[in-house]
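Topology and contacts: notes
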Amino acid sequence: MTVTSEGVGSAEPAAVRIGVLVVAYNAATTLRQTLDRIPSDFRDQLDHVLVCDDASVDETYEIGLEYKSGSTLPLTVIKHVENLRYGGNQKFGYRWAIEEGLDIVVLLHGDGQYAPEVMEQIVSPLMTGEADVVMGSRMMKRGSALKGGMPLYKYVGNRILTRFQNAVTGASLTEWHSGYRAYRTDALRDVPFADYSNDFDFDTEIILGMLAARKRIVEVPIPTYYGDEICYVNGMSYARDVAVDVLRHRAHQMGFGGSTGGGGVDTAAYEVKHSPHSSHGQLLTWLTGIPSASVLDVGCSDGLFAGLVRSMGHHVVGVDLVKHEGIGQRIDAFVEADLNQGLPTEAGSGYDVIVAGDVLEHVIDPDSLMADMVSRLGDDGTILVSIPNFGHWYPRLRTASGNFDYDQRGPLDRGHVRFFTRRSFERLIAGAGLRIVERRTVGSPLDVLERGGNPVIGRVARAASAVDRAAVRVWPTLFGYQFLYKLERV
């Protein structure tokens, strides 16, 4: 198989380099037959096959070397000095695939449980550009798993866990627990697989990483085969680990949990929160009640929020550090500037409304930026601000328990360089010569749990949101997730 590389002139078609990673542990009785089953017409398309013997106590390594001496497969056989475990063995193999410059790597188990005969079907969606990841599924064809010898308890456990994982993540895979996969190596480079588990839940963690990186995952049906191979998976421990992994993934989506990146300037686009109970929803409500106006969106990100403001009939100018793709079509004018240096002259002045949604906590000197915004207001101008509440129960708990760390988003977003409580921010407001016209408080973004369309989780999320909003009304400084202010000059 070849693909044509696009470029200037008449470039020769570039062959796609395909590798196979065979993970093997005590597979002396099955390795030879597994390698034999790789179709002869597919062997010619393989750049390399790596057998990784994970410190087996049988003759897996020796049999691999013996097979190599009499085979036309482009085969390398290695044996780890120490057992890296299932996930660790894959990590080694994927690093090898990347370092070798392969384009595609197929994961094959040395025990023969997954059919090498369908390897070409596994690779095909990657070759055609339809997918970044392909998973072989034993569940796509109704009844085939049980007919192929999958034990009933494994079948039931597989279906229950897969349904749970889909519900929590919003995915729609027919099976999460197949070990037959193929990856584009450029997709592997985009996920931190070296940080994932060394155990059997590595397979779940790498799919969660691919989902988070918005990679395209395609499933293809594969036959089910169960022979006399030994299963080294502790079912209960595996189920627990998988459940923890997907719940942690969802928590990260909501902004909770340890940061996976370093500090520094945050240049990623911020997601627009459409819920009427969110900070964006409240800001849009305020802007809806204002006649057609000139609006300066300070920290406009990719302009999706500003585009909604513009659709109300307002003239919108945006300022931010990075000019995201497509922003010119969403707003009337964009000025690229570092807000730590203040608002640039090109941003203009005399605005009816200045919006600073989740911005002041990202700058080193928020007092100066606020004063700068005041100077750009028209005579009867209004400033609309939202800021996260450091007094919310979550950062309080993390700090009091000695577990303070930055998160991916939320009050402890790793891009935050200043933290505010309601009292400290209102001192900043007074110091800027502003008065509070209206103040609102919004609760935690529990509506994120509804993503994926699972009705049960949706009902739980709506009920939890209702309870959270009630708690915000009773004790806003503890349960308020964000504070919003409508401000005018004194």
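Worth saying up front: this structure is predicted, and the values here are computed from it rather than measured.

Close approach of charged atoms allows side chains of opposite charge to pair. Inspection of every chain in the model, using the stated rule, returns 15 salt bridges. Ionic pairing is found between R32 and E66, a salt bridge with its closest N-O pair at 3.1 Å. Separated by 34 residues along the polypeptide, R32 in helix α1 (residues 31-36) and E66 in helix α3 (residues 60-69) bring together distant segments of the chain. Of the residues examined, E66 reaches a relative accessible area of 51% and is grouped as exposed. A salt bridge links R376 to D372; its shortest N-O distance comes to 3.6 Å.

Moving on: the packing of aromatic side chains. Taken as a whole, this structure holds 14 aromatic pairs when the rule is applied. Aromatic pair Y94 and F193: ring centres 6.0 Å apart, planes at 90°, arrangement edge-to-face. Of this pair, Y94 sits in helix α4 (residues 85-99) while F193 is found in the loop between α8 (185-189) and α9 (202-212), placing the two residues 99 residues apart along the sequence. For the residue pair Y94 and F193, the accessibility class agrees, reading buried in each case. Between Y114 and Y180, the ring centres sit 5.9 Å apart and the planes meet at 40°, which makes this aromatic pair tilted. Placement of the pair is Y114 in the loop between β6 (104-109) and α5 (119-127) and Y180 in the loop between α7 (152-169) and β8 (181-184), with a sequence separation of 66 residues. Residue Y114 is classed as buried on the basis of its relative accessible area of 4%.

A separate point is helix α16 (residues 422-431). The periodicity of an α-helix, 3.6 residues per turn, causes residues three or four places apart in sequence to face the same way. Those residues of α16 lying buried are F425, L428 and I429. Seen from one end, α16 has its buried residues packed into an arc of 100°, which puts them on one side. Within α16, the exposed residues directed more than 90 degrees away from the buried face are R423, R427, A430 and G431. Packing partners of the buried residues in α16 comprise α14 (366-375), β14 (377-388), β15 (434-442) and β16 (482-489). Directly after α16, the chain includes G433, whose backbone phi takes a positive value near 75°.

This part covers the environment of V322. Position of V322 relative to the elements: it lies in the loop between β11 (315-320) and α13 (327-330). Taking the C-alpha atoms as reference points, V322 and V335, separated by 13 residues in sequence, lie 9.3 Å from one another.

Structurally, E175 is set in the loop between α7 and β8. For E175, a relative accessible area of 0% corresponds to the buried category. Among the polar contacts listed, one links the side chain of E175 to the side chain of R138, at a separation of 2.5 Å. Of note is the side chain of E175, whose polar atom sits 2.9 Å from the side chain of N158.

Reading the values: the criteria
Residues numbered from 1 in each chain as written. Predicted model: local features only at pLDDT ≥ 70, side-chain atom pairs only at ≥ 80, totals over all residues. Heavy atoms only, no water. Salt bridge = Lys/Arg side-chain N within 4 Å of Asp/Glu carboxyl O. Helix = DSSP H or I, 4+ residues; strand = E, 2+ residues; numbered from the N terminus. Buried < 20%, exposed > 50% of the residue type's maximum accessible area, 1.4 Å probe, protein only. Phe/Tyr/Trp six-rings, centres within 6.5 Å; stacked < 30°, edge-to-face > 60°. Arc of directions from axis to C-beta. Contact = heavy atoms within 4.5 Å. Polar contact = N/O pair within 3.5 Å; in protein donor to acceptor, adjacent residues only side chain to side chain.

Honestly, it's all geometry; don't read function into it.
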